[in-house]
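Coordinates in review
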Amino acid sequence: MLPETATTHLKTDVLVVGAGGAGMYAALEAARAGADVILAERSLIGRGGATVMAQMTVAAALGEQTPDHWEHHLADTIAAGRDLCDERLAAILCEDGPRRIREMDAWKVGWAREDGHIRQVQAPGHDRPRCVYVDFLSTGPAVSRTLRTRLNDASGIRRIGDLLIVDIAVHDGAACGATALHISTGRIVTIAAKAVIIATGGLTRLYRRNSASSNMGGDGYALALRAGAELIDMEFVQFFPIGHLAPRLVGMDPIMWDPFRYKLGGKLLNSEMREFEESYASRDIRSDGRYVLTRDLATYAISKEVEAGRGSPAGGAYLSFQHVPPDEIRRAFGPVVDRLAANGIDLARQPVEVAPIAHYHMGGIRVGETLETRVAGLFACGEAIGGANGANRLSGNAITEAFVFGARAGHHAALHASKQSIVWSPDAVGPTMDLLRRATRRDTPNTAAVIASVQSVMSDKVGPFRTDGKLRSAIESLAAIGNELGSDPIASSPGGVDPVLVDWLDLRNMLLVAQAVALPALARTESRGAHQREDYPGLDDGWGIHQIVELAGAKLNIKALSRRVAA
Ligand SMILES: Cc1cc2nc3c(=O)[nH]c(=O)nc-3n(C[C@H](O)[C@H](O)[C@H](O)COP(=O)(O)OP(=O)(O)OC[C@H]3O[C@@H](n4cnc5c(N)ncnc54)[C@H](O)[C@@H]3O)c2cc1C
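Thresholds applied
Residues numbered from 1 in each chain as written. Predicted model: local features only at pLDDT ≥ 70, side-chain atom pairs only at ≥ 80, totals over all residues. Heavy atoms only, no water. Buried < 20%, exposed > 50% of the residue type's maximum accessible area, 1.4 Å probe, protein only. Helix = DSSP H or I, 4+ residues; strand = E, 2+ residues; numbered from the N terminus. Arc of directions from axis to C-beta. Contact = heavy atoms within 4.5 Å. Pairing = 2+ DSSP bridges. Axes fitted to C-alpha atoms, helices over the stretch in contact; angles between N-to-C directions. Near = heavy atom within 4 Å. Polar contact = N/O pair within 3.5 Å; in protein donor to acceptor, adjacent residues only side chain to side chain. Areas by Shrake-Rupley, 256 points an atom, 1.4 Å probe, with all protein chains shown as cover. Nonpolar A, V, L, I, M, F, W, Y, C, P; charged D, E, K, R; others polar. Domains from an automatic or database assignment. Buried area = accessible area lost by both parts, 1.4 Å probe. Salt bridge = Lys/Arg side-chain N within 4 Å of Asp/Glu carboxyl O.

**Points about helix H8 (residues 326-333)**
Every α-helical turn comprises 3.6 residues, leaving residues that sit three or four positions apart pointing alike. For H8, the complete set of buried residues consists of Ile-329, Ala-332 and Phe-333. Viewed along the axis of H8, the buried residues span an arc of 85°, placing them on a single side of the element. At its buried positions, H8 is contacted by helix H6 (257-264) and helix H9 (336-342). Trailing H8 by a residue or two, Gly-334 shows a phi angle of about 55°, which is positive.

**So, the sheet that holds strand S25 (residues 555-562)**
The strand order S18-S11-S24-S25 describes an open sheet built from 4 strands, whose pairing is antiparallel. Edge positions in the open sheet fall to strand S18 (364-365) and S25, since each of these has one partner strand only. Two elements, strand S11 (residues 231-232) and strand S24 (residues 545-552), share 2 bridges in a ladder whose sense is antiparallel. Within S24, the residue paired with Leu-231 across the bridge is Val-549. Along the sheet, helix H14 (residues 499-523) contacts S11, S24 and S25; its crossing angle with S25, the most-contacted strand, is approximately 45°.

**Comments concerning the site of the ligand**
The local shell around the ligand holds 41 residues, among which Glu-41, Thr-51, Thr-57, Asp-219 and Glu-383 are the closest. Between Thr-57 and the ligand, the recorded distance is 2.7 Å, taken from a backbone N or O atom to a nitrogen atom. Look at the ligand: alone it shows 1,000 Å² of surface, and the protein chains cover 99% of it. With 4 residues, the single largest contributor to the shell around the ligand is helix H10 (residues 397-418). Class assignment of the residues belonging to the shell around the ligand gives a composition of 20 nonpolar, 15 polar and 6 charged.

**Focus: the domain arrangement of the chain**
Quite often, the size of an interface is put as the accessible area lost when its parts meet. On domain assignment, one finds that the chain holds domain 1 (240-356) and domain 2 (438-561). Centre-to-centre separation of domain 1 and domain 2, based on C-alpha positions: 31 Å. Taken together, the contact pairs 5 residues of domain 1 with 4 residues of domain 2. Around 360 Å² of area is buried between domain 1 and domain 2 when both sides are counted, 64% of it from carbon and sulfur atoms. Among the residues domain 1 hides against domain 2, the three largest losses belong to Asp-296, Thr-299 and Tyr-300. Together they make up 69% of the total. Along the contact surface separating domain 1 from domain 2 lie 1 salt bridge. Residue composition of the side of domain 1 that touches domain 2, by class: 1 nonpolar, 2 polar and 2 charged.

In structure tokens, the structure reads:
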């Protein structure tokens, strides 16, 4: 056992966990409704998650350049979600989207404009040009900067970075705060709150190759489960087929190739420098004769070429624009060509390597229309929630979802807090305090290696293409890894920064969340959207249901829920 750790106790009306787009919006809206807010972030405020990394587009039926209505956006969202969207949530997303995009415009985010109108471009899956952006590949950084500036100007919001929320505190069935570890001092912090909002983003760190930051290990899903909330649609992890693999690309979005591939007809080549897409059939032919595989088929085709030993050196496929004249590349890529050049990449002369990478999570915490979970006073928003996007997310919906659900969760949490007094019980944090105090110095297992093992299991067996055998083996491996890790935290230093303890706490969450993905994936014996079973290739109408995951004692239970009930 380490020496007794210092503790700090704080109080607030609304505690927001995670300061990405959703968390920052939630904090602003809760403060606007009169609540005192603590915005807790394990990394730097507004710089730790996916929001700041997103560089492409945001979907909303503004009708600025082409007539549009939010119901058209909703129809596209439901079609992309393969008939599994929670239509109440999807409707809120589409109806409130324009209001939030205009609010961000008024806050000077800098949406690209044309002839005085906010410019709206076509993106895959949308029936008309609907997606706004900030030039050039700057959408996420501009969104984060704008929200950070608003936070600077707002009163009533305490921003605390480096604060890792370890568990939500629950008393008499209601959320009453949280226990946290202040990463840079090693101090334990308890926070009493009248309402708590989980805005911790997704789970892509569970996979070896992913598009987001190392803070995205699915903490929020584990926090919710342990607090007594339910998760929904956890089997639906979205993989992006042509994520950047090699050469090294600094300061650029790993999913940036998609629009350029569409625009310029980039060719996917295997190690024999042969185009292989045609061999995987079902291709969509464009009017100009260029063909593009749908995202799931492109993922399949690349995975199969690699399996057959025809992958590129880094384990993916080549993406080549060498057949396109350099001036056309410059016209299409604009200043991006210079950023690529700074990374030593000249598309006119060399292909890049791409591969499927984990990108976004459709599943998440189950909430109702006020964004409250089944635990009173516990709210969730952003990528941390499930349901709105069904089995597959429409492009551009994720940032809209962060704004819309963030604002809504902030508003309702503040409303809830205004009717409550602080109900704080030391018992509510007792088990987590005990856990943290049980941290002992040990040399084994090596937590960094264990994280890599979890990522291998998830990538190899719960990746884009699943089978009964792979999933069962994954579930066994995850249990074995959990046993090896043990139930007492490992620490490396008494007080101060302790990366090993943080790894252990991350693993505690990652292992729980990995199982919460693998178990419903095993149960769902069909292929739908992002959940593709090689042993059950077709969509099965009987599976038009949600699966709910809950924690009962130490065990995860799966329940089926008819779509009608959810909607
Ligand atoms: C590279 C990339 C490109 C993308 N491009 C687009 C796009 O063009 N359009 C689009 O719509 N979507 C895009 N997405 C998806 C979109 O960016 C995300 O879904 C969205 O930004 C999520 O916002 P969020 O606030 O819910 O989560 P995040 O922005 O991920 O923020 C979550 C925050 O919670 C913090 N956190 C996590 N756990 C804890 C804890 N235990 N304690 C305290 N803090 C914690 C994290 O550090 C992080 O800062 C992209 C994603 C990526 C990764």
